[in-house]
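Secondary and tertiary structure notes
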Amino acid sequence: MSKRVAIFISGGGSNMLALVRSMTGDHPARPCLVLSNDPEAGGLARAAELGIPTVAVDHRPFGGDRAAFEAALAPHLAAARPDIIALAGFMRVLTAGFVKRFEGRMLNIHPSLLPKYPRLHTHARALAAGDTEAGCSVHVVTPELDDGPILGQARVPILPGDTPETLAARVLKQEHILYPAVLRRFAAGDRRPVLLPG
Ligand code: GRF
């Protein structure tokens, strides 16, 4: 019985697309829902084109009441019955209560080599620090932001003249390889970390 995967997005959904496109054939998981906190997220239309059920729950009417926003997600998640939630460019912080309900079953991709540079502006910070490499990490989501067990990492070189934009583009290419590889192992119950380059 394949695992049901809900993917949370906030924007273009390039990571979501990479995940959806990977879940075919003998892959142990299939997408069951693409959910966004932004009704204008471009990824919603891309998911719908692929026949994936989508839902948008605008977080703005809830102001800073994160629990109320998450309560509005509940009926959609109850209907989709995900075994796994993959946060993919999802830009809302989830409450500890929500994370606990999916403890051990929720993944996130973060554009840095965690534990370095949790939170935002990761590429600018790596450049400012004079790092020679950067990358991305997939981790299990825990109540502490960008802090859970690492399931995979991909490293890229920082090149002379790099800007946050050129570095982000190089890292994003690796995100689209790393996240599907990690999801496949995770859905199969294999917890060996994926480390790229191999
Ligand atoms: C990516 O940089 C990813 O690392 C971060 O969100 C950004 C946009 O992702 N989590 P996507 O194109 O919407 O998947």
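For the structure given in this document, a descriptive report is provided here. (Residues numbered from 1 in each chain as written. Predicted model: local features only at pLDDT ≥ 70, side-chain atom pairs only at ≥ 80, totals over all residues. Heavy atoms only, no water.)

Examining the packing of helix H1 (residues 14–22) against helix H6 (residues 164–187)
Packed helix pairs are characterised by how far apart their axes lie and by the angle those axes make with each other. Put simply, the rule reads: Structural elements are reduced to axes, namely lines fitted to C-alpha atoms, with helices fitted over the stretch in contact, and the angle between N-to-C directions of any two is expressed from 0 to 180 degrees. Note on conventions: DSSP H or I runs of at least 4 residues are helices, E runs of at least 2 residues are strands, and numbering of each starts at the N terminus. Each angle gets one of four labels, with under 35 degrees taken as roughly parallel, over 145 as roughly antiparallel, 65 to 115 as roughly perpendicular, and the rest as oblique. Helix crossings get a hand from a simple test, with the near helix turned counterclockwise from the far one by less than a right angle marking a left-handed crossing and a clockwise turn marking a right-handed one. In this description, contact between two residues means that some pair of their heavy atoms is separated by no more than 4.5 Å.
Running from N to C, H1 and H6 point in directions that differ by 40°, and their axes come no closer than 9 Å. Viewed along their axes, H1 and H6 adopt a mutual orientation that is oblique. Every pair of crossing elements has a handedness; the one defined by H1 and H6 is right-handed. Facing Ser-14, Asn-15, Ala-18, Leu-19 and Ser-22 of H1, the residues of H6 in contact are Leu-172, Glu-175, His-176, Tyr-179, Pro-180 and Leu-183.

Here's the deal with the sheet that holds strand S4 (residues 84–87)
Pairing between sheet strands relies on hydrogen bonds along the backbone, with the strands arranged either parallel or antiparallel. Condition: Criterion used throughout: strands pair if DSSP finds at least two bridges between them.
One open sheet holds the eight strands; their spatial order is S3-S2-S1-S4-S5-S6-S7-S8, and the pairing between them is mixed. Strands with a single pairing partner mark the edges of an open sheet, and in this sheet they are strand S3 (54–56) and strand S8 (194–196). The average undirected angle you get between the axes of adjacent strands in this sheet is 15°. As paired strands, strand S1 (residues 3–9) and S4 are joined by four bridges and run parallel to one another. Opposite Ile-7, over in S4, you have Ala-86 as the bridge partner. On top of the sheet, H1 reaches S1, strand S2 (29–36), S4 and strand S5 (106–110); it is set at about 165° to S1, its chief contact. Packed on one face of the sheet, helix H2 (residues 42–49) meets S1, S2 and S3 and runs near 160° to S3.

Section: the site of the ligand
The test is simple: For each residue, the test is whether any non-hydrogen atom lies within 4 Å of the molecule or strand; if one does, the residue is near. Polar contacts, as counted here, are pairs of nitrogen or oxygen atoms within 3.5 Å of one another; within protein the pair requires one atom able to donate a hydrogen and one able to accept it, and residues that are adjacent in sequence qualify only if both atoms are side-chain atoms. Calculation of accessible area relied on Shrake-Rupley with a 1.4 Å probe; when residues are assessed, cover is drawn exclusively from the protein chains displayed. Here the term charged refers only to Asp, Glu, Lys and Arg, the term nonpolar to Ala, Val, Leu, Ile, Met, Phe, Trp, Tyr, Cys and Pro, and the term polar to all other amino acids, Gly among them.
Every residue near the ligand is listed here: Gly-12, Gly-13, Ser-14, Asn-15, Gly-89, Ile-109, Pro-111, Leu-172 and Glu-175. With respect to the ligand, the backbone of Asn-15 contributes an N or O atom lying 2.7 Å from an oxygen atom. Contacts to the ligand include Glu-175, whose side-chain N or O atom sits 2.8 Å from an oxygen atom. Burial of the ligand by the protein chains amounts to 77% of its free accessible area of 370 Å². At the level of elements, H1 and H6 are the ones that each hand at least two residues to the shell around the ligand. Residues that form the shell around the ligand fall into these classes: three nonpolar, five polar and one charged.

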